[in-house]
Amino acid sequence: MTRQAPPRVLTVAGSDSGGGAGIQADLKAMLALGVHGMSVVTAVTAQNSLGVQGAWELPAEAVRAQYRSVVDDIGVQAVKTGMLASAGLVEAVADLLAGTDAPVVVDPVGVSKHGDSLLAASALEAVRRELLPTATVATPNLDEVARLTGVRVESEDDLPRAADAVLALGPRWALVKGGHLAGDAVDLLTDGAATHWLRAPRHDNRHTHGTGCTLASAVAAELAKGLDVPEAVAAAKAYVTGAIAAGFPLGGGIGPVDHAWQRRRPGG
Ligand SMILES: Nc1ncnc2c1ncn2[C@@H]1O[C@H](COP(=O)(O)OP(=O)(O)OP(=O)(O)O)[C@@H](O)[C@H]1O
Ligand SMILES: Cc1ncc(CO)c(N)n1
């Protein structure tokens, strides 16, 4: 008997040649979590553990064509967006997402861990006005919250105000990631009615390339499997926490999280 297809999840994001973030991280997280991962490439970066050496965006037409190929034939149970590079691509992707019934996880990627820009400043307004309103869950880090809303988070106490400011831009849920604060790795999820604090011990591991992409893809994978948003985010947080604990050195800089951490045997 032919087996049934697993849930299908689409990432719309940039390629990281080093394999730690972007499309590559997304597909690895999806494989680890048991869904079929598919990709719409928006941009190609020359990137490694030391930073981003170059970036080239694709024409909007190429992004639209990839999306149509996947959605019209294969279908999707969840979509995740990452690096969108420019206002033109943000608008093109928002337009496509406005037509889907599948849950959408928007990771409003602004800069890489090394501070390299992955989104033109001129695209911020399109992210606010067009992209975030299509999101079931938006997953900004603290830099992205500041750029998008003007709210600066200095401590955990500021997270509720930050999450409310993100919600005001139109996503159904806001997941503000406090990964860049000191102390525990605390994130806040809210839809304006329910509030969930997600707390994990901070791992003293500098090899954290790809944390944000991995978390957002894991949320999309869990939503595709049928979990509701709070359940999906809790499962994704547990997965990314394990992946960060197992992050490993690679190249001369910041190594990646380990997407396959659940399968490693001791010493393997
Ligand atoms: N050292 C750490 N130990 C445990 N959890 C962490 C650590 N650093 C980040 N996290 C968690 O990882 C997830 C991703 O958060 P983070 O703030 O790093 O995202 P990001 O800045 O968007 O990532 P990226 O740099 O890949 O874009 C969050 O759940 C955060 O709390
Ligand atoms: C292509 C790409 N997307 C997202 C990130 C997140 O930082 C990155 N470093 N590279």
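As named in an unreviewed UniProt entry, the chain is Bifunctional hydroxymethylpyrimidine kinase/phosphomethylpyrimidine kinase, taken from Streptomyces spongiicola. Quoted verbatim from the Function (unreviewed entry) field of the UniProt record, the comment on the chain reads "Catalyzes the phosphorylation of hydroxymethylpyrimidine phosphate (HMP-P) to HMP-PP, and of HMP to HMP-P." Looking at the chain in UniProt, the text filed under Pathway (unreviewed entry) is "Cofactor biosynthesis; thiamine diphosphate biosynthesis; 4-amino-2-methyl-5-diphosphomethylpyrimidine from 5-amino-1-(5-phospho-D-ribosyl)imidazole: step 3/3."

In the vicinity of ligand 2, the contacting residues are G14, S15, A21, G22, Q47, M83, V109, S112, L118, H209 and C213. If ligand 2 stood free it would expose 290 Å²; the protein chains cover 91% of that surface. Put simply, ligand 2 lies in the largest pocket. Residues belonging to the shell around ligand 2 are distributed by class as follows: five nonpolar, six polar and no charged.

What follows deals with helix 2 (residues 60-74). Over its 15 residues, helix 2 extends 21 Å from the first C-alpha to the last, a length consistent with the 21 Å expected when each residue adds 1.5 Å. For helix 2, the set of buried residues is V63, Y67 and V70. Angular distribution of buried residues about the axis of helix 2 spans 70°; they occupy a single face of the element. Turned more than 90 degrees off the buried face of helix 2, the exposed positions are E61, S69, D72 and D73. Packed against the buried residues of helix 2 are strand 1 (8-16), strand 2 (36-48) and helix 3 (87-97).

We now examine the site of ligand 1. Taken together, 16 residues lie near ligand 1, and K113, K177, H180, D187 and H203 sit nearest. Take N141: an N or O atom from its side chain is 2.9 Å from an oxygen atom of ligand 1. Within the backbone of G179, one N or O atom sits 3.5 Å away from an oxygen atom of ligand 1. Considered on its own, ligand 1 offers 630 Å² of accessible surface; in the complex 94% of this is hidden by protein.

With that settled, the discussion passes to the sheet that holds strand 3 (residues 51-57). Hydrogen bonds between backbone groups are what pair the strands of a sheet, and the pairing can be parallel or antiparallel. Reading across from one edge, 3-2-1-4-5-6-7-8-9 is the order of the nine strands in this open sheet, with mixed pairing throughout. Edge strands, defined here as strands with exactly one partner in the open sheet, are strand 3 and strand 9 (195-200).

Attention shifts here to the layout of surface pockets. Here the largest pocket defines a volume of roughly 820 Å³. Listing elements by their share of the lining of the largest pocket, those giving two or more residues are strand 1, strand 2, helix 5 (142-149), strand 8 (185-190), helix 7 (211-224) and helix 8 (229-245). The residue inventory of the lining of the largest pocket, partitioned by class, reads 13 nonpolar, 18 polar and ten charged.

Here A43 shows up in strand 2. The class of A43 is buried, set by a relative accessible area of 0%. Counting along the chain gives 28 residues from A43 to V71, while the straight-line C-alpha distance between them is 20 Å. Ignoring anything within four residues of it in the chain, the contact list for A43 reads A13, G14, S15, W56, E57, L58, M83 and A85.

Rules and cut-offs
Here the residue numbers are simple positions, counted from 1 along each chain's written sequence. Here the convention is simple: chains get letters from A, ligands get numbers from 1, in the order in which they are written. Given that this is a predicted model, residues contribute local features only at a pLDDT of at least 70 and side-chain atom pairs are listed and counted only at 80 or more, while totals for whole chains, interfaces and linings are drawn from all residues. Just so you know, side-chain values use all the structure's heavy atoms and leave hydrogens and water out. UniProt positions are given in the numbering used here, feature names are shortened, and annotations may be inferred rather than shown by experiment. Proximity is defined per residue: any heavy atom of the residue falling within 4 Å of a molecule or strand makes that residue near it. Here, Shrake-Rupley sampling with a 1.4 Å probe gives the accessible areas, and only protein chains in the shown set may cover a residue. In the cavity and pocket records, a cavity denotes points on a 1 Å grid over the protein atoms alone where a 1.4 Å probe fits but cannot get out, a pocket denotes an open set with protein on both sides within 12 Å along at least 5 of 7 lines, and lining residues are residues with an atom within 4 Å of a point. To be counted as sitting in a cavity or pocket, a molecule needs more than half of its atoms within 2 Å of that site's grid points. Each residue is assigned to one class: nonpolar for Ala, Val, Leu, Ile, Met, Phe, Trp, Tyr, Cys and Pro, charged for Asp, Glu, Lys and Arg, and polar for all the others, Gly among them. Helix and strand labels come from DSSP, where a helix needs a run of H or I of at least four residues and a strand needs a run of E of at least two; each type is numbered from the N terminus. By this rule, a helix spans an expected 1.5 Å times one less than how many residues it contains. When accessible area is computed with a 1.4 Å probe and restricted to protein chains, residues below 20% of their type maximum are described as buried, those above 50% as exposed, and intermediate ones as partly exposed. Taken from the helix axis, the directions to the C-beta atoms give the arc we talk about. Any pair of residues with heavy atoms lying within 4.5 Å of one another is described as a contacting pair. A 3.5 Å cut-off defines polar contacts: any pair of N or O atoms within that distance qualifies, except that in protein one atom must be a possible hydrogen donor and the other a possible acceptor, and neighbouring residues in sequence count only when both atoms are side-chain atoms. Only strands joined by at least two bridges in the DSSP assignment are considered to pair. Grid points are joined across faces, edges and corners, and a volume is the space filled by probe spheres set on the points.

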